[in-house]
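Chain and residue survey
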Amino acid sequence: MPFPAYEKLAGFPHAYHLPLFSYEKRHGATMITSRGCPYTCSFCDRTVFERLYKTNSAQYTYAHMKYLRDRFGVHHINMYDDLFTAKKQRVFDLCQLLIEKPLGIQWNCAIRTGHTSDEMLAKLKQAGVLMVSMGIESADPDMMERHKAGVTLDAVRDTVRQIRAAGLRAKGLFIFGMPGETPETVRTTSDFILSLELDEMNMTKFSPLHGAPIWDECANSDSSGEMIEDWRLMNCLNFVFLPHGFKSREEMDALYNWHVRRFYDSKAYRRRFAKRLWAHRWSFWHVVRHLPETIAAARYFSLNREQLVRTKGEFVLHPRQPVGLKPFLSPDLQIDNMVSMSRQRISRREAMKALAPLTGNGNACGMSAFRQAAV
Ligand code: SF4
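Residues numbered from 1 in each chain as written. Predicted model: local features only at pLDDT ≥ 70, side-chain atom pairs only at ≥ 80, totals over all residues.

Turning our attention to the site of the ligand. Surrounding the ligand, one finds Cys37, Tyr39, Thr40, Cys41, Cys44, Asp82, Leu83, Arg112 and Gly135. In terms of residue class, the shell around the ligand is made up of 5 nonpolar, 2 polar and 2 charged. (Near = placed C-beta within 6 Å. Nonpolar A, V, L, I, M, F, W, Y, C, P; charged D, E, K, R; others polar.)

Pasting the structure below:
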């Protein structure tokens, strides 16, 4: 299989920047070496790859990395696989190749709690990994059970400790504003994040994804909150969903800003950041070079704050945006979604039995409709 046509990207790789302070070497690029994920987190859309988990081989991935270095001078790669470490042998084989024939490339990848070991982390470190990210989402046990079943806070703590013991950086990924969220669950999560002493943190504003198990609850019912179904705003930068635990989106924004400031102002984070300033000189240089534009943007937003708030309030739905679309789910995904969203623990077999009568009635999303379409 040929490698992606990077040469068609104008200015690649100079004009493309990875998230600042998450790399040490220039230039950066991204790769995806696997598609799909065997899990069913409530907020995650798996409609494209469903239950498949497909990977590039270790040899192909190594050749791809080498191509990026030799042809474009890339020396840092962010692997954007949903779950890079699901096939252990592939990860060990790739690490072995990179250890035996080093490319001088650093890279980052994402893991899931429970999908790693001291041995694997040591290999990743030897193979040039700088930072691993893990989806934690929340520190409230009920929220975790509801949205990311099977992951416990103790397991998260252990994994972060293992990552740091291996000499790697740990990045935690969180979501703010899913159904069930309240100011208390956010404060609990914020305290937990600070206690983990993470090297980096990303907190996303929850945007329901069409096709994720949670979509129906958010978009087609008001049982857990109120949603603005405007697809232009659904980019994880706006609180399109207002859970019942909050009075307003302004309250959510204020709490979000409180947490972000608290994390980056913490002494522990500042200490870690200061130690790495030289290693991050390219990111730092990028910030300095673009300081005038950043200041101009900040001035613009502060001078036009009232007008911008008014415009946001008057934002009307695009006339061609469909509303109330039902995702077309395969039988397997319907079963997965039911298991994931059920308040009681149920097996796939029980979900299958419960779905059979519903889907036999010609439901547009149903199993029979899917089968008819497939033949
Ligand atoms: S969020 Fe959950 S379902 Fe989605 S890729 Fe990560 S582990 Fe898999």
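Don't stop here, the text continues.
A word on the packing of helix H6 (residues 183–196) against helix H8 (residues 249–265). Where H6 meets H8, the axes come as close as 10 Å, and the angle between the chain directions of the two elements is 10 degrees. By the angle between their directions, the pair H6 and H8 is classed as roughly parallel. Only Leu255, His259, Arg262 and Phe263 of H8 make contact with H6, whose side of the interface consists of Pro183, Val186, Ser190, Ile193 and Leu194. The residue inventory of the contact of H6 with H8, partitioned by class, reads 6 nonpolar, 2 polar and 1 charged. (Axes fitted to C-alpha atoms, helices over the stretch in contact; angles between N-to-C directions. Helix = DSSP H or I, 4+ residues; strand = E, 2+ residues; numbered from the N terminus. Parallel < 35°, antiparallel > 145°, perpendicular 65-115°, else oblique. Contact = placed C-beta atoms within 7 Å.)

On to the sheet that holds strand S7 (residues 169–176), then. Read across the sheet, 6 strands follow the order S1-S4-S5-S6-S7-S8 without closing on themselves; strand pairing throughout is parallel. Strands with a single pairing partner mark the edges of an open sheet, and in this sheet they are strand S1 (28–31) and strand S8 (200–205). Each adjacent strand pair in this sheet contributes to an overall mean axis angle of 20 degrees, direction not counted. The sheet contact formed by strand S5 (residues 106–111) and strand S6 (residues 129–137) spans 5 bridges and is parallel. (Pairing = 2+ DSSP bridges.)

Generally speaking, a soluble globular protein has its nonpolar side chains buried in company with each other. Residues Phe43, Cys109, Val129 and Val132 are the most contacted members of the largest nonpolar core, which totals 56 residues. Among the elements that make up this core, the one with the highest residue count is S6 (6 residues). Residues contacting Cys109, with those up to four places away along its chain left out, are Met79, Asp81, Phe84, Val129 and Val132. (Core = buried A, V, L, I, M, F, W, Y, C linked by C-beta atoms within 7 Å. Buried ≥ 20, exposed ≤ 12 C-beta atoms within 10 Å, placed from the backbone.)

Okay, the packing of helix H1 (residues 58–72) against helix H2 (residues 88–100) next. Between H1 and H2, whose axes approach to 8 Å, the crossing angle comes to 40 degrees. The orientation of H1 with respect to H2, classified from their angle, is oblique. As H1 runs across H2, the sense of the crossing is right-handed. Within the contact between the two elements, H1 uses Ala58, Thr61 and Tyr62 and H2 uses Arg90, Asp93, Leu94, Leu97 and Leu98. Of the residues assigned to the contact of H1 with H2, the class counts are 5 nonpolar, 1 polar and 2 charged. (Left-handed = near helix turned anticlockwise from the far one by under 90°.)

Further remarks concern the pairing of S5. The element S5 is extensively covered by neighbouring structure, given that 5 of its 6 residues are classed as buried. The handedness of the strand S4 (residues 76–79) to S5 crossover, carried by H2, is right-handed. (Right-handed = clockwise from strand over helix to strand, strands pointing away.)

The next point concerns the environment of Gln126. Mapped onto the secondary structure, Gln126 falls in helix H3 (residues 118–126). Its 15 C-beta neighbours within 10 Å are what place Gln126 among the partly exposed residues. Distance in space between the C-alpha atoms of Gln126 and Cys95 is 7.5 Å, their sequence separation being 31 residues. Sequence-distant contacts of Gln126, that is, excluding residues within four places in its chain, are made with Cys95 and Ile99.

In terms of domains, the protein is made up of domain 1 (6–311) and domain 2 (331–374). Taken over C-alpha atoms, the centre of domain 1 sits 31 Å from the centre of domain 2. Split by residue class, the side of domain 1 that touches domain 2 holds 1 nonpolar, 3 polar and 4 charged. (Domains from an automatic or database assignment.)

For the rest of this paragraph, the subject is unusual backbone geometry. Residue Pro13 follows Phe12 across a cis peptide bond; omega there is 5 degrees. Tracing the chain through its elements places Pro13 in the segment before S1. The linkage connecting Arg26 with the following residue, His27, adopts the cis geometry, with an omega of -15 degrees. Of note, His27 is situated in the segment before S1. For Glu50, which is not glycine, the phi dihedral falls at a positive 50 degrees. Residue position: Glu50 is located in the loop between strand S2 (34–35) and strand S3 (54–55). A positive phi angle, close to 70 degrees, is found at Cys236, a residue other than glycine.

To continue, consider helix H11 (residues 291–303). Relative to the 18 Å expected for 13 residues at 1.5 Å per residue, H11 spans 18 Å between its end C-alpha atoms, a close match to the ideal helical length. Of all 13 residues in H11, 0 are buried, a share of ten percent or less. (Expected span 1.5 Å × (residues − 1).)

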